[in-house]
Amino acid sequence: MRRLVPVLLLVLLAGCAPGSERFTTSTPAGFWFGLWHGCISFFTLVIGIWSDSVHVYEVDNSGGWYDLGFVMGVGSAWGRSGAIWKDRRKKKDED
């Protein structure tokens, strides 16, 4: 059961990943999709290694607003990871 949960999570995230056919030049991805794509960027990178239909970044986007959302999503999802590693190391050194 423990191995099934990550697999199901990856499948769920792949359904919302950049590279979807729902985004075209006439209906581009906007700020909110950029935010979501930034949050799941690590997972889409891993899935994209084996799948040609999943990309990290949506090509058909609204420009600056999508970019802003994407950068904010990446920062909110992965920006604190270095500080967490530093905090854990500091606690380990104190013990």
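Residues numbered from 1 in each chain as written. Predicted model: local features only at pLDDT ≥ 70, side-chain atom pairs only at ≥ 80, totals over all residues. Heavy atoms only, no water.

**Q** How would you explain the overall build of the protein if you had to name every residue and give the values?
**A** Each helix and strand in the protein was counted, giving 5 helices and 0 strands. Listed N to C, the secondary structure of the protein is α-α-α-α-α in terms of helices and strands. When the 95 residues of the protein are sorted by exposure, 21% land in the buried category. In the protein, the proportion of contacts linking residues at least 24 apart, taken out of those at least 6 apart, comes to 70%. (Helix = DSSP H or I, 4+ residues; strand = E, 2+ residues; numbered from the N terminus. Buried < 20%, exposed > 50% of the residue type's maximum accessible area, 1.4 Å probe, protein only. Contact = heavy atoms within 4.5 Å.)

**Q** Talk me through the packing of helix 3 (residues 41-50) against helix 4 (residues 64-78); I want residue IDs and the actual numbers.
**A** The contact between helix 3 and helix 4 brings their axes to 9 Å, and the two run at 95°. Classed by the angle they form, the pair helix 3 and helix 4 counts as roughly perpendicular. Between helix 3 and helix 4, the contacting residues are S41, F42 and F43 on the first element and F70, V74 and W78 on the second. Tallied by class, residues from the contact of helix 3 with helix 4 come to 5 nonpolar, 1 polar and no charged. (Axes fitted to C-alpha atoms, helices over the stretch in contact; angles between N-to-C directions. Parallel < 35°, antiparallel > 145°, perpendicular 65-115°, else oblique. Nonpolar A, V, L, I, M, F, W, Y, C, P; charged D, E, K, R; others polar.)

**Q** Lay out the side chain of S41 in plain terms, naming residues and giving numbers.
**A** Residue placement: S41 occurs in helix 3. A distance of 3.0 Å separates a polar atom in the side chain of S41 from the backbone oxygen of G38. Sequence-distant contacts of S41, that is, excluding residues within four places in its chain, are made with V56, F70, V74 and W78. (Polar contact = N/O pair within 3.5 Å; in protein donor to acceptor, adjacent residues only side chain to side chain.)

**Q** Talk me through a nonpolar patch on the surface; I want residue IDs and the actual numbers.
**A** A cluster of nonpolar residues, F42, L45 and W78, forms a patch on the protein surface that exposes about 290 Å² of accessible area. On the secondary structure map, L45 appears in helix 3. (Patch = residues over 30% accessible without salt bridge, like charges linked within 9 Å, V, L, I, M, F, W, Y side chains within 5 Å. Areas by Shrake-Rupley, 256 points an atom, 1.4 Å probe, with all protein chains shown as cover. Salt bridge = Lys/Arg side-chain N within 4 Å of Asp/Glu carboxyl O.)

**Q** So what's going on with the packing of helix 2 (residues 31-39) against helix 4? Residues and values would help.
**A** Helix-helix packing: each pair is described by the crossing angle between the helix axes and the interaxial distance. Running from amino to carboxyl end, helix 2 crosses helix 4 at an angle of 30°, the nearest separation of the two axes being 6 Å. Helix 4 is crossed by helix 2, and the crossing has right-handed handedness. Contact residues: helix 2 offers F31, F33, G34, L35, H37, G38 and C39, while helix 4 offers W65, Y66, L68, G69, F70, M72, G73, V74, S76, A77 and W78. Taken together, the residues of the contact of helix 2 with helix 4 sort by class into 12 nonpolar, 6 polar and no charged. (Left-handed = near helix turned anticlockwise from the far one by under 90°.)

**Q** Break down the packing of aromatic side chains for me, with residues and values.
**A** The final tally for this structure, using the stated rule, is 6 aromatic pairs. An angle of 75° between the planes, with centres 6.0 Å apart, marks the rings of F42 and F43 as edge-to-face. When its relative accessible area of 44% is taken as the criterion, F42 is described as partly exposed. With relative accessibility at 26%, the residue F43 sits in the partly exposed group. Seen in terms of ring centroids, Y57 and Y66 are 5.1 Å apart; in terms of plane orientation they differ by 80°. Their pairing is edge-to-face. (Phe/Tyr/Trp six-rings, centres within 6.5 Å; stacked < 30°, edge-to-face > 60°.)

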